[in-house]
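Coordinates in review
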Amino acid sequence: MKKQSKLAPLLLMAAGSLLLLGAVAFLVAPGVFLEQATPMAVTAVDPLASVPRISLDDALAAHQAGQAVFLDVRDVEAFNSRHIAGAISMPIEQVADRISELDPQAWIIPY
């Protein structure tokens, strides 16, 4: 029969104790072992951010003074059900093909 070393069981117990101690420490304070995620700032890119905006009151005043034209870009059914008096109907999917119908010197206010 082979004589077993008394050191092997001690090493095994020490390794197991360290592993158990590490697991407990991880459960108690995971931030010590893991890099804390910092929330990333979510920045939405607005493709229309450079388009000038106008208040409703200013748009109405310009339209009433004949300085602006309202361009209704909703579908024809929505336009026919209700629209601003004097507005031009041009559904958004048609604007690229029909843009030449608009006066390039006019102040066009789409809605």
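Okay, so let's go over this structure. (Residues numbered from 1 in each chain as written. Predicted model: local features only at pLDDT ≥ 70, side-chain atom pairs only at ≥ 80, totals over all residues. Heavy atoms only, no water.)

Our focus in this paragraph is the sheet that holds strand β1 (residues 68–72). The strand order across the open sheet formed by three strands is β2-β1-β3, and the pairing between neighbours is parallel. Since the sheet does not close on itself, it has two edges, and those belong to β2 (88–89) and β3 (107–110), each with one partner. Bridging between β1 and β3 involves four bridges; their strand directions are parallel. From the neighbouring strand, phenylalanine 70 faces β3, where its bridge partner is isoleucine 109. Relative to β1, helix α3 (residues 56–64) is tilted by about 115 degrees, and along the sheet it contacts β1 and β3. (Pairing = 2+ DSSP bridges. Helix = DSSP H or I, 4+ residues; strand = E, 2+ residues; numbered from the N terminus. Contact = heavy atoms within 4.5 Å. Axes fitted to C-alpha atoms, helices over the stretch in contact; angles between N-to-C directions.)

Attention now goes to the layout of surface pockets. Quantified by volume, the largest pocket comes out at close to 460 Å³. Along the wall of the largest pocket there are 16 residues; nearest its centre are Val51, Pro52, Ile54, Ile109 and Pro110. Here the lining of the largest pocket takes four residues from β3, the largest share from any one element. Residues belonging to the lining of the largest pocket are distributed by class as follows: 14 nonpolar, one polar and one charged. (1 Å grid on protein atoms, 1.4 Å probe; cavity = no way out; pocket = protein on both sides within 12 Å on 5 of 7 lines; lining within 4 Å. Points joined across faces, edges and corners; volume = space filled by probe spheres on them. Nonpolar A, V, L, I, M, F, W, Y, C, P; charged D, E, K, R; others polar.)

Our focus in this paragraph is the pattern of salt bridges. Pairing between side chains of opposite charge can happen when the charged atoms of each approach one another. Going through the model one piece at a time under the given rule, you end up with two salt bridges. Its salt-bridge partner being aspartate 72, residue arginine 74 comes within 2.7 Å of it at the nearest N-O pair. Across the pair arginine 98 and glutamate 101 runs a salt bridge whose closest N-O atoms are separated by 3.0 Å. (Salt bridge = Lys/Arg side-chain N within 4 Å of Asp/Glu carboxyl O.)

Attention now goes to the nonpolar core. Soluble globular proteins tend to bury their nonpolar side chains together. Judged by nonpolar contacts, Ala59, Ala62, Ala68, Phe70, Phe79, Ala87 and Ile109 together constitute the single largest core of seven residues. Looking at this core, the elements that each hand over two or more residues are α3 and β1. Dropping the residues within four chain positions of it, isoleucine 109 is found in contact with Ile54, Ala59, Ala68, Val69, Phe70 and Leu71. Among the nonpolar cores identified, the runner-up in size contains five residues, and Val73, Met90, Val95 and Leu102 belong to it. (Core = buried A, V, L, I, M, F, W, Y, C linked by side-chain atoms within 4.5 Å. Buried < 20%, exposed > 50% of the residue type's maximum accessible area, 1.4 Å probe, protein only.)

Our focus in this paragraph is the side chain of aspartate 72. Its location among the elements puts aspartate 72 in strand β1. The class of aspartate 72 is buried, set by a relative accessible area of 0%. Reaching out from aspartate 72, the side chain makes a polar contact with the side chain of arginine 74 at a distance of 2.7 Å. (Polar contact = N/O pair within 3.5 Å; in protein donor to acceptor, adjacent residues only side chain to side chain.)

Functional significance is not addressed by these values, which are geometric in nature.
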